[in-house]
Number of protein chains: 2
Amino acid sequence: MKNVAVIGYGVVGSGTVELFEKNRESINHKVERECDIKYIVDLRDFPDSPFADRMIKDYNIVLEDDEIEVVVEVIGGINPAYTFTKQALERGKSVVTSNKELVANKGAELLKIAHEHNCNYLFEASVGGGIPIIRPLNKCLAGNEIEQISGILNGTTNFILTKMIREQLDFNAALKMAQELGYAEKDPTADVEGEDACRKICILGSLAYGKHIYPQSVHCSGISNVTLDDVAYAENAGYAIKLIGSVKPADGGRVSAIVCPRLVPKSNLLATVDGVYNAISVTGDGVGDVLFYGQGAGKLPTASAVVGDIIDCLKHKDRSLMISWEDCHEEGYVVDYKSVETSMYVRIIAENADELKPSISEMFGKLTYIERKNRPENELAFITPTIIESEIDANLAILSHSAQIGSKIRLL
Amino acid sequence: MKNVAVIGYGVVGSGTVELFEKNRESINHKVERECDIKYIVDLRDFPDSPFADRMIKDYNIVLEDDEIEVVVEVIGGINPAYTFTKQALERGKSVVTSNKELVANKGAELLKIAHEHNCNYLFEASVGGGIPIIRPLNKCLAGNEIEQISGILNGTTNFILTKMIREQLDFNAALKMAQELGYAEKDPTADVEGEDACRKICILGSLAYGKHIYPQSVHCSGISNVTLDDVAYAENAGYAIKLIGSVKPADGGRVSAIVCPRLVPKSNLLATVDGVYNAISVTGDGVGDVLFYGQGAGKLPTASAVVGDIIDCLKHKDRSLMISWEDCHEEGYVVDYKSVETSMYVRIIAENADELKPSISEMFGKLTYIERKNRPENELAFITPTIIESEIDANLAILSHSAQIGSKIRLL
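The rules behind these values
Residues numbered from 1 in each chain as written. Chains lettered and ligands numbered in written order. Predicted model: local features only at pLDDT ≥ 70, side-chain atom pairs only at ≥ 80, totals over all residues. Heavy atoms only, no water. Pairing = 2+ DSSP bridges. Helix = DSSP H or I, 4+ residues; strand = E, 2+ residues; numbered from the N terminus. Contact = heavy atoms within 4.5 Å. Axes fitted to C-alpha atoms, helices over the stretch in contact; angles between N-to-C directions. Least-squares fit on C-alpha atoms with pLDDT ≥ 70 in both. Buried < 20%, exposed > 50% of the residue type's maximum accessible area, 1.4 Å probe, protein only. Arc of directions from axis to C-beta. Buried area = accessible area lost by both parts, 1.4 Å probe. Salt bridge = Lys/Arg side-chain N within 4 Å of Asp/Glu carboxyl O. Polar contact = N/O pair within 3.5 Å; in protein donor to acceptor, adjacent residues only side chain to side chain. pLDDT = per-residue confidence, 0-100. Right-handed = clockwise from strand over helix to strand, strands pointing away. Patch = residues over 30% accessible without salt bridge, like charges linked within 9 Å, V, L, I, M, F, W, Y side chains within 5 Å. Areas by Shrake-Rupley, 256 points an atom, 1.4 Å probe, with all protein chains shown as cover. Lys, Arg positive; Asp, Glu negative; His and termini not counted. Charge placed at Lys NZ, Arg CZ, Asp CG, Glu CD. Left-handed = near helix turned anticlockwise from the far one by under 90°. Nonpolar A, V, L, I, M, F, W, Y, C, P; charged D, E, K, R; others polar. Expected span 1.5 Å × (residues − 1). Phe/Tyr/Trp six-rings, centres within 6.5 Å; stacked < 30°, edge-to-face > 60°. Lys NZ or Arg CZ within 6 Å of the ring centre and 35° of its normal.

**Digging into the sheet that holds strand E6 (residues 121-122) of chain B**
Residues and elements named next belong to chain B.
Then, in step 1: What the six strands build is an open sheet, ordered E3-E2-E1-E4-E5-E6; its pairing is parallel. The open sheet terminates on both sides in strands that have one partner only, identified here as strand E3 (55-56) and E6.
Then, in step 2: For strand E1 (residues 2-7) and strand E2 (residues 36-41), the ladder comprises five bridges, and the chain directions are parallel. Residue pairing for E2: alanine 5 is matched across the bridge by tyrosine 39.
Then, in step 3: Those strands touched by helix H1 (residues 11-22) are E1 and E2, and its axis lies near 165° from that of E2.

Structural data, given as structure tokens:
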């Protein structure tokens, strides 16, 4: 049967078609029947594609074709992906996607529609590219209460930080290199400012805690303010700076979620994850710590996750597979990040900075001063004890009368 | 409904009951109905257990009870586990297990019975304890052709090797420490000689390549011959010695599988996995390299995998979930390891060993001599080029006329 339609023939779409066709024989064996891609929907023309005979422009043909069981939505963005997905699910066609923006914003609603129509909305590719994480979290770790999830969820920023750490390129030079290599887009905002990682941690948190976490409710700061001075202090103190998305339970059935650069101790495997690779650490009350590592983006790695989901949909027609989550618009479900305890690296600039040590020590109690090679006289860096973030900020507000706050970066 | 029975109240059985009861509310939410453990079958008495009222001694009560949907077999060993599993599956009851010995020896047959009776035989806990690997391989990576799997699959031996590497304890002292800490059994043979890791790589290989790989067909050597001298040479050359189970495709639809200590380059994440932790690296033609890391054994980590499987069975009653594999008794399906290309670390002992260099170099062509601190005059170590293993052996047979072959360890 020709029962699959791919919507969007960009990087992920073409990778999906390529991988599916390459491994079709073994895929059919796994599904236990003949399956194939019938349509590729894209508004553009691809006359030279070996799959040109399957290209169509009108999505309605897919919707009206009863042979199509699985729609692969790899357009990206909210619209028209949202409408297309909804229409397919309402007709009982399963939808497979890599579209993190759509899942992070409409996941609860679309999962509910899938459930009501005995079909599936699967999105293994939406987090960590090819790294298996959605199904492991949803199935393998379902017997656990999840105590925390922390991950390097964006390859672009991890590439930039790796270049800063390993080759002392500053942020702008490293970003430029990432752009030249095709790892960063021309407008890198979504990656660099943490929006992409934010969508991903929202998906993981929604899955782990059963209620939808909307990206707008999660504090998100990127890496564009990280300096080589910060990298040097961190290295010297035994840390690597990484952009980390994290989520964990909070009091009263709420959750705490945040995306920000963090000082990661080198003993933590996340600190050893370099370049465009991603890694996600999950702690459960039964399993303890587990970690998933691999290529978090790219044509074929992402296609790998998409094709895995297609196979699952084909194998389990008319059967809802996922444990879904509820929609949630409760005010304060995601707690204010300022009310969460953290330890913070702080770098200040002031004339004769060392002279401020007594008053800083008095403010924070037990804290650790850290060094870097050739630390200038007008610079001082320290790591605060673990206290409520708003208390750190209150202290820094006082300190800002006598020094400039150069950087502050949370510890993991 | 009280629809689960746990057979065997040892470490994993009691952990399973503990974790299931602790998280029962959220488990019921995920399954979308009330579920509970009805029976715990064990020949021993546990009068002080909080679950004493569920303890029974007669397995037939479980078999005859139509309310029981899932049987958790955590007895270990082939018999009576095999008979119990078969009887349950033939009645359409799903079976969940951590029993790697049974899966490695009877997996194909039991999966077939499960498939015929629309129920499931799930064994996420059989490899890597709590680490999600069976389902990721079976589902998430199903769109890939698997190019290789290599893993640290046994925590006991990894603990021993870590102590040898980090604290220069010799094998016997490290084994003794592992036994004192409860990481190694009184008779440590199955762990130390690689049998346990062998069962696990057989399960992963069967899953990845679709045909049953029997442990008897896989060459398996353990770590009891690894010396501190070997550790020192390896360290000095940038490698860590790890017990690795590996499987990959070979010519003619066959596979190559082996369990042995290996020199793992420190740039490989597997080299950084210390103590009782396990890690499994999988390479697929789409996904590239992915790695799964966590606690490979222990009461609650293993229970985590078992409970995840129970949930999946309860959620998908009367539906076969797994992609299963075929039985296979083809002579030579697993190729002779001597016919596989490898690079080998070799340590020889001979009077004035350095004088043998010209003849060794002539034998092997391009090879690398490696050093250790205070290398004695009568010792020499080198790494061969990558050639068919039987050719290495033929050369070493000639060399053995003029030197004693102290160690040989394959590279990863």
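**Thoughts on the relation of the copies chain A and chain B**
Then, in step 1: With an RMSD of 0.0 Å, chain A superimposes on chain B once it is rotated by 180° and translated 0.0 Å along the axis. Here the symmetry operator amounts to a two-fold rotation axis. Closest approach to the rotation axis among the C-alpha atoms of chain A is made by A:Phe292, whose C-alpha sits 2.5 Å away.
Then, in step 2: In this assembly the copies share their binding face: 100% of the residues contributing to the interface of chain A also contribute to that of chain B.

**Details of helix H4 (residues 81-90) of chain A**
Residues and elements named next belong to chain A.
Then, in step 1: Within H4, the full set of buried residues consists of Ala81, Tyr82, Thr85, Ala88 and Leu89. The buried side chains of H4 occupy one side of the element, clustering within an arc of 135° when seen end-on.
Then, in step 2: Where H4 is buried, its residues contact helix H3 (59-64), strand E4 (70-73), strand E5 (94-97), helix H5 (100-116) and strand E6 (121-122).

**Considerations on the interface of chain A and chain B**
Then, in step 1: Contact with chain A, which involves 52 residues of that partner, is made by 52 residues of chain B.
Then, in step 2: In total, chain A and chain B occlude about 4300 Å² of area from one another, counting both sides; carbon and sulfur atoms represent 54% of this.
Then, in step 3: Among the residues chain A hides against chain B, the three largest losses belong to A:Cys140, A:Tyr293 and A:Arg319. Together they make up 13% of the total.
Then, in step 4: In this structure, the connection of chain A to chain B is made through four salt bridges.
Then, in step 5: The shortest N-O distance in the salt bridge between B:Lys22 and A:Asp285 comes to 2.7 Å.
Then, in step 6: Along the contact surface separating chain A from chain B lie 20 residue pairs in polar contact (both at pLDDT 80 or more).

**Notes on the confidence of the model for chain A**
Then, in step 1: Averaged over every residue, the pLDDT of chain A is 96; the share at 70 or more is 100%.
Then, in step 2: The ipTM for the predicted assembly is 0.95, set against a pTM of 0.96.

**So, the pairing of strand E5 (residues 94-97) of chain B**
All names here are of chain B.
Then, in step 1: Neither face of E5 is exposed, since Ser94 and Val96 on one face and Val95 and Thr97 on the opposite face are all buried.
Then, in step 2: Note: strand E4 (residues 70-73) against E5, four bridges, orientation parallel. Paired with valine 70 across the bridge in E5 is serine 94.
Then, in step 3: Regarding topology, helix H4 (residues 81-90) serves as the crossover connection from E4 to the parallel E5, and that connection is right-handed.
Then, in step 4: Regarding the hand of the β-α-β motif, the stretch spanning E5, helix H5 (residues 100-116) and E6 is right-handed.

**Section: the sheet that holds strand E3 (residues 55-56) of chain A**
All names here are of chain A.
Then, in step 1: An order of E3-E2-E1-E4-E5-E6 is seen for the six strands of this open sheet, with the pairing classed as parallel. Looking at strand neighbours, the two that pair on one side only are E3 and E6, the edges of this open sheet.
Then, in step 2: Relative to E3, strand E2 (residues 36-41) is paired through two bridges, and the arrangement is parallel. Pairing of valine 41 across the sheet is with isoleucine 56, part of E3.
Then, in step 3: Against the sheet, helix H1 (residues 11-22) touches strand E1 (2-7), E2 and E4, its axis set at about 165° to E2.

**Considerations on a negative patch on the surface**
Then, in step 1: Judged by side-chain charge, A:Glu25, B:Glu145, B:Glu147 and B:Asp289 come together as a negatively charged surface patch.
Then, in step 2: Relative accessible area serves as the criterion here: at 35%, B:Asp289 is assigned to the partly exposed category.

**Quick look at the pattern of salt bridges**
Then, in step 1: Inspection of every chain in the model, using the stated rule, returns 78 salt bridges over all chains.
Then, in step 2: The partner of A:Glu101 in a salt bridge is A:Arg199, and the shortest N-O contact between them spans 3.9 Å. Note that A:Glu101 is positioned in helix H5 and A:Arg199 in helix H10 (residues 195-209), a separation of 98 residues in sequence.
Then, in step 3: Look at A:Arg199 and you get buried, because its relative accessible area is 17%.
Then, in step 4: Measuring nitrogen to oxygen at the nearest pair gives 3.5 Å for the salt bridge that ties B:Lys86 to B:Glu109. Taken together, the positions of B:Lys86 in helix H4 and B:Glu109 in helix H5 put the pair 23 residues apart, joining distant regions of the chain.
Then, in step 5: Residues participating in the shared-partner salt-bridge network are A:Glu124, A:Arg135, A:Asp309, A:Asp312 and B:Lys139.

**Describing the side chain of A:Ser206**
All names here are of chain A.
Then, in step 1: Along the chain, serine 206 turns up in helix H10.
Then, in step 2: Under the relative-accessibility criterion, serine 206 is labelled buried at 1%.
Then, in step 3: Separated by 2.6 Å, the side chain of serine 206 and the backbone oxygen of cysteine 202 make a polar contact.
Then, in step 4: In this structure serine 206 touches Lys211, His212, Ile213 and Trp325, once residues within four positions along its chain are discounted.

**Description of the packing of H1(B) against helix H12 (residues 299-315) of chain B**
Residues and elements named next belong to chain B.
Then, in step 1: As a packed pair, H1 and H12 sit with axes 8 Å apart at the nearest point and diverge in direction by 65°. Crossing hand, H1 versus H12: right-handed. Touching Val11, Val12, Ser14, Gly15, Thr16, Glu18, Leu19 and Phe20 of H1 are Lys299, Leu300, Thr302, Ala303, Ser304, Val306, Val307 and Ile310, all from H12.
Then, in step 2: Its residues placed into classes, the contact of H1 with H12 shows nine nonpolar, five polar and two charged.

**Regarding the side chain of A:Ser94**
Residues and elements named next belong to chain A.
Then, in step 1: The residue serine 94 is located in strand E5 in this model.
Then, in step 2: Taking relative accessible area as the criterion, serine 94 reaches 6% and is therefore assigned buried.
Then, in step 3: Once you skip the residues sitting within four places of it in the chain, serine 94 turns out to touch Glu69, Val70, Val71, Leu89, Cys119, Asn120 and Cys313.

**Structural notes on H1(A)**
Residue and element names in this part refer to chain A.
Then, in step 1: Given a rise of 1.5 Å per residue, 12 residues ought to cover 16 Å, and the 16 Å separating the end C-alpha atoms of H1 matches this to within 8%.
Then, in step 2: Along H1, nine of the 12 residues are buried, which leaves the element largely enclosed by surrounding structure.
Then, in step 3: All of the buried residues in H1 are Val12, Gly13, Ser14, Gly15, Thr16, Val17, Leu19, Phe20 and Glu21.
Then, in step 4: In this structure, the buried residues of H1 make contact with E1, helix H2 (24-31), E2, E4 and helix H12 (299-315).

**Things to note about the packing of aromatic side chains**
Then, in step 1: Tallied over the full model, the rule gives 19 aromatic pairs over all chains.
Then, in step 2: Seen from their ring centres, A:Phe292 and B:Phe292 are 6.1 Å apart, and the 85° between their planes marks the pair as edge-to-face. Residue A:Phe292 is found in strand E12 (residues 288-295), and its partner B:Phe292 is found in strand E12 (residues 288-295); the two belong to separate chains. Of the two residues, A:Phe292 and B:Phe292, both sit in the buried class.
Then, in step 3: Between B:Phe364 and B:Phe382, the aromatic rings sit 5.7 Å apart at their centres with planes inclined by 50°, giving tilted as the arrangement. Residue B:Phe364 is found in helix H13 (residues 357-364), and its partner B:Phe382 is found in strand E16 (residues 379-383); the two are separated by 18 residues along the sequence.
Then, in step 4: Judged by its relative accessible area of 0%, B:Phe382 falls in the buried class.
Then, in step 5: Taken together, A:Tyr121, A:Phe123 and A:Trp325 form an aromatic cluster joined through their ring pairs.
Then, in step 6: Between the NZ or CZ atom of A:Lys106 and the centre of the ring of A:Tyr82, over which it lies, the distance is 4.7 Å.
Then, in step 7: For the cation-ring pair, A:Lys357 lies above A:Tyr369, with the distance from its terminal atom to the ring centre recorded as 4.7 Å.

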